[in-house]
Each structure stands twice: as C-alpha cells, then as structure tokens.
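# Structural overview for review
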Amino acid sequence: MARAKKTASKKPASAESMAKSQREISVSEFFAKNRHLLGFDNPRRALLTTVKEAVDNALDACEEAGILPSVYVTIQETGTDRFSVSVRDNGPGILKAQIPNVFGKLLYGSKFHRLQMSRGQQGIGISAAGMYGLLTTGRSVKITSRTSPRKPAHYYEIQIDTKKNNPDIIKDQEVDWILENGDGHDHGTEVTIELEARYTKGRQSVDEYLAQTAIANPHVSLSYKMPDGEIMIWERSTDEMPAKVEAIKPHPYGVELGVLIKMLKETRSRSVKGFLQEDFSRISARGADEICELAKVSTNARPSRIGRHDADELYAAIQKVKIMNPSANCVAPIGEELIVKGLQQVHEAEFYASTTRPPSVYRGNPFIVEAGIAYGGSLQADELLRLYRFANRVPLLYQQGACSCFKAAVSTSWRNYHLQQSRGALPTGPIALMIHVASVWVPFTSESKEAIAHYPEILKEIRLACQECGRKLGLYLSRVKREAAAKKRLDYLETYVPHISEALKDLLQLKDKDLGEIEENLAEILRKPQNA
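The structure contained in this document is the topic of the report that follows.

### Comments concerning helix H11 (residues 336–346)
Among the residues of H11, Leu338, Ile339, Val340, Gly342 and Leu343 are the ones counted as buried. Buried residues belonging to H11 abut helix H6 (206–216), strand S9 (351–356), strand S11 (365–375) and strand S14 (431–439).

### Notes on the packing of aromatic side chains
Per the counting criterion, the structure on display carries six aromatic pairs. Centroid distance Trp414 to Tyr417: 6.1 Å. Interplanar angle 75°. Geometry classified as edge-to-face. Note on Tyr417: relative accessible area 10%, which makes it buried. Stacked on the ring of Tyr398, the Lys or Arg Arg45 has its end atom at 4.4 Å from the ring centre. The lysine or arginine in question, Arg88, covers the ring of Tyr72, its NZ or CZ lying 4.3 Å from the ring centre.

### A word on the nonpolar core
Membership of the largest hydrophobic core comes to 43 residues, with the highest contact counts inside it found for Val51, Val55, Val73, Leu210 and Tyr224. Ranked by residue count, the leading element in this core is helix H3 (residues 43–64), at eight residues. Residues contacting Val51, with those up to four places away along its chain left out, are Val73, Ile75, Val85, Val206, Tyr209 and Leu210. If you look at the next biggest cluster of nonpolar residues, it comprises 37 residues, including Ala391, Cys405, Ala409 and Cys466.

### Description of empty space enclosed by the protein
Any empty space left between the atoms is revealed when a probe the size of a water molecule rolls over them. The final tally for this structure, using the stated rule, is four cavities of 30 Å³ or more. Estimates place the volume of the largest cavity at around 90 Å³. As for the largest cavity, its lining consists of twelve residues, and the residues nearest its centre are Arg119, Ala391, Val394, Phe444 and Lys449. When contributions to the lining of the largest cavity are tallied by element, the ones reaching two or more residues are H3 and strand S13 (394–396). Considered class by class, the residues forming the lining of the largest cavity number five nonpolar, three polar and four charged.

### Describing the pattern of salt bridges
Oppositely charged side chains can form a pair if their charged atoms are brought close together. Inspection of the entire model under this criterion finds 14 salt bridges. Across the pair Lys96 and Asp172 runs a salt bridge whose closest N-O atoms are separated by 3.1 Å. Of this pair, Lys96 sits in the loop between strand S2 (82–89) and helix H4 (99–104) while Asp172 sits in strand S5 (residues 166–175), placing them 76 residues apart in sequence. Given the relative accessible area of 37%, Asp172 is considered partly exposed. With its nearest N and O atoms 3.3 Å apart, the salt bridge here joins Asp207 to Lys201. Assessed through its relative accessible area of 15%, Asp207 is described here as buried. One continuous salt-bridge network, built from bridges that share partners, spans Arg82, Arg139 and Glu194.

### Some words on the sheet that holds S5
The strand order across the open sheet built from eight strands is S5-S4-S3-S6-S2-S1-S7-S8, with neighbouring strands paired in mixed fashion. Strands at the two margins of the open sheet, each flanked by one partner only, are S5 and strand S8 (231–234). For this sheet, the mean angle separating the axes of adjacent strands, direction not counted, is 15°. In this sheet, strand S7 (residues 221–225) lies alongside strand S1 (residues 70–79) in parallel orientation, the contact comprising five bridges. Note on S7: the bridge partner recorded for Tyr72 is Ser223. Sheet contacts for helix H5 (residues 125–137): S2, strand S3 (141–146), strand S4 (153–161) and strand S6 (188–196); angle to S6, the most-contacted strand, approximately 40°.

### Side note on the packing of H6 against H11
Taken N-terminus to C-terminus, the directions of H6 and H11 make an angle of 150°; their axes are 7 Å apart at the nearest point. Between H6 and H11, the interaxial angle falls into the category roughly antiparallel. Within the contact between the two elements, H6 uses Ala211, Ala214 and Ile215 and H11 uses Leu338, Gly342, Leu343, Gln345 and Val346. The residue makeup of the contact of H6 with H11, split by class, is six nonpolar, two polar and no charged.

### So, the pairing of S14
Counted residue by residue, S14 has nine buried out of nine residues, so it is predominantly covered. Across the two faces of S14 the burial is the same, with Ile431, Leu433, Ile435, Val437 and Ser439 and Ala432, Met434, His436 and Ala438 all buried. In this sheet, S14 lies alongside S11 in antiparallel orientation, the contact comprising nine bridges. Opposite Ile368, over in S14, you have Ala438 as the bridge partner. Of the pairings in the sheet, the one linking strand S12 (residues 386–391) to S14 comprises six bridges and is parallel in character. The residue of S14 that forms the bridge with Tyr388 is Met434.

What counts, and where the lines are drawn
Residues numbered from 1 in each chain as written. Predicted model: local features only at pLDDT ≥ 70, side-chain atom pairs only at ≥ 80, totals over all residues. Heavy atoms only, no water. Buried < 20%, exposed > 50% of the residue type's maximum accessible area, 1.4 Å probe, protein only. Helix = DSSP H or I, 4+ residues; strand = E, 2+ residues; numbered from the N terminus. Contact = heavy atoms within 4.5 Å. Phe/Tyr/Trp six-rings, centres within 6.5 Å; stacked < 30°, edge-to-face > 60°. Lys NZ or Arg CZ within 6 Å of the ring centre and 35° of its normal. Core = buried A, V, L, I, M, F, W, Y, C linked by side-chain atoms within 4.5 Å. 1 Å grid on protein atoms, 1.4 Å probe; cavity = no way out; pocket = protein on both sides within 12 Å on 5 of 7 lines; lining within 4 Å. Points joined across faces, edges and corners; volume = space filled by probe spheres on them. Nonpolar A, V, L, I, M, F, W, Y, C, P; charged D, E, K, R; others polar. Salt bridge = Lys/Arg side-chain N within 4 Å of Asp/Glu carboxyl O. Pairing = 2+ DSSP bridges. Axes fitted to C-alpha atoms, helices over the stretch in contact; angles between N-to-C directions. Parallel < 35°, antiparallel > 145°, perpendicular 65-115°, else oblique.

Spelled out as structure tokens, the structure:
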C-alpha cells in the first residue's frame, strides 16, 4: 500500500517578513500599472489623450506669456497601430534645466498650488503621455525648445524611470531650429511622442477634439496634419487674448479642518487675526475679530500655538460668519460674443445665442458657467441635441453620462422652448449646445479629467445657463412660427380670394365696384392674426 506523500507546508508570514517586502511606491510606477486612470485605457483614446495634453500645455504657456497661440499638430503612422504625435507652439519656450522634469517626471508643475484658472493643474498629463509611449513602443520623448532668438535651441530625448519617478536623459544637445511662427519671434516648443494607438474619425476622435478646441478658443490659430496627409486649419476669429487671470488666496469656506490646522502651523503671521486676514481671501479686520470672538480665541494668539480644540472652534466660527464670495478675477470666461464666433467656426446655423452667468462659488472655489446654442442650418433635425462640454476651455469627449453638464442639460425642460424631448433624454432637433465651466479648480470625477462632478452649485448654474439660452431660442422659434403663419395666410389670400369673389359676383349679381370692396374685406380678414 502506497504511502501518502508529505508536502512541506508553507511557513506563515511574520511581521518581520512582511516588513521586508514593503517599500514606497513611486507615483510613476502606480500610474504605469493604472494608466486607464489617466485616459490611456485603449489605443484610440491614448492617441486623443496624448494630443490633448500636449495642446493644453501649449495653450497655457502661450496665454501665460501673453502670446496669441499658433499650434501645429501632426500625426504620422509609423507602423501597424503605431503613430508619432508632434505638437509645436509659438510659446515662450522652456528653460533647459526644466525640460527633463516637465516631460520626464509625474506630478511636476507650477499650477497645482495656484488658485487660478488653467487647463493643466496636476503636472501629470504630458509626462504620462511620454510614459505611455515608452511602455508601448520603447521610444523616448523628443523635445526641442527655444526661449529666445538670441539663445540656442535645446534638444532632448527623455525616458521616465518609473521606479524613481525621475527622468533619464538619453540625449541632450544644442541644435539649429528655425520656427516659422508668423509672429516675428523665434521661440517655442515642440514635443514628439511615438505610441501604440489607433486613429479613427468621428466623435471622440482627435479631429473632433481639435474642432471643439477651436470653438472654446477663438483666439487660437490651429493647424492639423492628419495621418493621410490632409491638412485642416482653424484660423483665429479674434486677436483678443483671454482676460489675464490672477492667483487668489484660499477662501475660508473652502478650507477643511485638517488644512486649517496645517496652515496655522506654517503661516508667517504672528497673530491669529493677521493669519485670518493675510492667508485667506475676503476676511476683513472686522470679520477676523468676529471669528476670534465666536471661537473664544485671542486675536493676538500665536497661530503656531493654537491647539486642536481651538482650531476646531476657529473652523466652526468661520462657517458662521458671513464672508464675501472670493474675487472672480482668477477666472476668465470666453464671453458671449466669442462663444457665438466659436460655434460659427464649426456650424453654419440659422440662429445662435449665448450667455455668461455671474460668478458663483462651490466649496470656496470661484467658477463661471457659460452656454451657447446653434440652431438649424446644417444641423440634423432628426438627431438628439449635440452637446459640447468644456472645462477651462478644454473639450471633454468621454464619460458624458457621468458629467454634470449632461445631467443639467437633460433635466432642463426644452419643451418649454418648442423642442421635442423624451423624458430623461436630451431634446431632438437641429441644435448644438455648448457648456463651459471655468474654475480655479474643476472638480473632475477622475484623474482622466473627462467629467465634472455633480456639485449642487455647479448643476444649478449650468441649468440656469441652459434655460437662458433656451428662452432666447424659444423667442426666435415663436417668431419663426408667427412669420410662417402669416405667410400661410397670405398664400390663402392669393389663392382663394379671386375664386370667392367671382363666385359671389355670379351668386349675388354684383357689379365690379361692389366686387372690389368685397375682395378688400376678405383680404383684411385673412391678414388678421389667427387668435384675433
């Protein structure tokens, strides 16, 4: 009889053995394994995300430097499901020492800690695109940049060391580089990334993203060379730059208790009253006194010595005191006139309307909602409303159903404005609607930045903007309906009055003089409004 084999049992893990296997996780390593969080979940979307991140960086750089942006996008097929993406701008360029970190280090940037409107905020996008290119093709990111015609251009080839979240410089040299920007300056940046991707046309494509970029950025000149060699150009429709935005200090209503405690420890102010006035926006001397009185904290107390209990009392007092909304000069709306110009770039419609709502606040963060409508013309009458969503002038092409723009548009009663609408759906008709949310910090639902979270304040403002545009459209359609009814009555006049008058002449044996009077009376009746 065969004996059963004894198998060595695995030794249970101990606290010591588990500790040996634990190590710090690099942010690059995390996103390399979770790249879907950043918009690189499939080859088609990866191509769009790469173009989007490069274009966003180009536009932000140009606007911050006060330069009217000229952006050139080129996509070339380099193999089966492999493409090279190049984006060049006429911006201020990037200092040589900064180039490796900007393109080869995740979470590196200047915008994260500033409370002002910008497209990019987290310092992840373009470096993540380069990391995706490296993972799928093994190719380095190529960057050329010049800051001045009096200085040389610098060329880099960079890869990301994902374990250390640091750039590996493969090539670094000065090069001759001539930029034909058409603005009289020889400066700018070009980035080239080769990646595994798939190019398609239609919605959620690079083509659509660039067309929508032209809608929300009418001050941009945009040139796009497609993989088949065709070139699309969107000329700027205005030479007016967006209003300059300024960074603001945190608004007290948007600060959580833990952040308040940290700010108290790090402030340079020597008193709690000075801290409240200098480290926050919109707290006056009187407001600071009122907060300290409610919290039972001395106005002259040293902030660094404020304990957990007193900090809690300060936080509660802040919520009770009436504080002005933060300044809106940190946000730059597109503007009603330029929204219409942007829509005209894409749609030949018979009617346009737009609105820019007054500034509002969510969690202490200022934001402005804008909306625009194009109706009729080349738009299809038997299709659902075409919804364009923008956050800080950036098109959002994915996750429409999860976005507050979609929810607000669906919950608007478009039937009040003479459009057909099924319950829980967008209206049907030849109509396009754009919604733009501009904020110092857009509350996206994920790191891929494709849908805006459902904050009640934001939903309310979007719905009000939709209603304002809807009312303008409703007035236009009512006028069209009245004019159509008047034309129909005139057609009746021309068609039937001669026949009726001839019949009356024969029936009543009237003379021509009497007949003329009857024709005039009939015409007058037909000219009157139907409800008269």
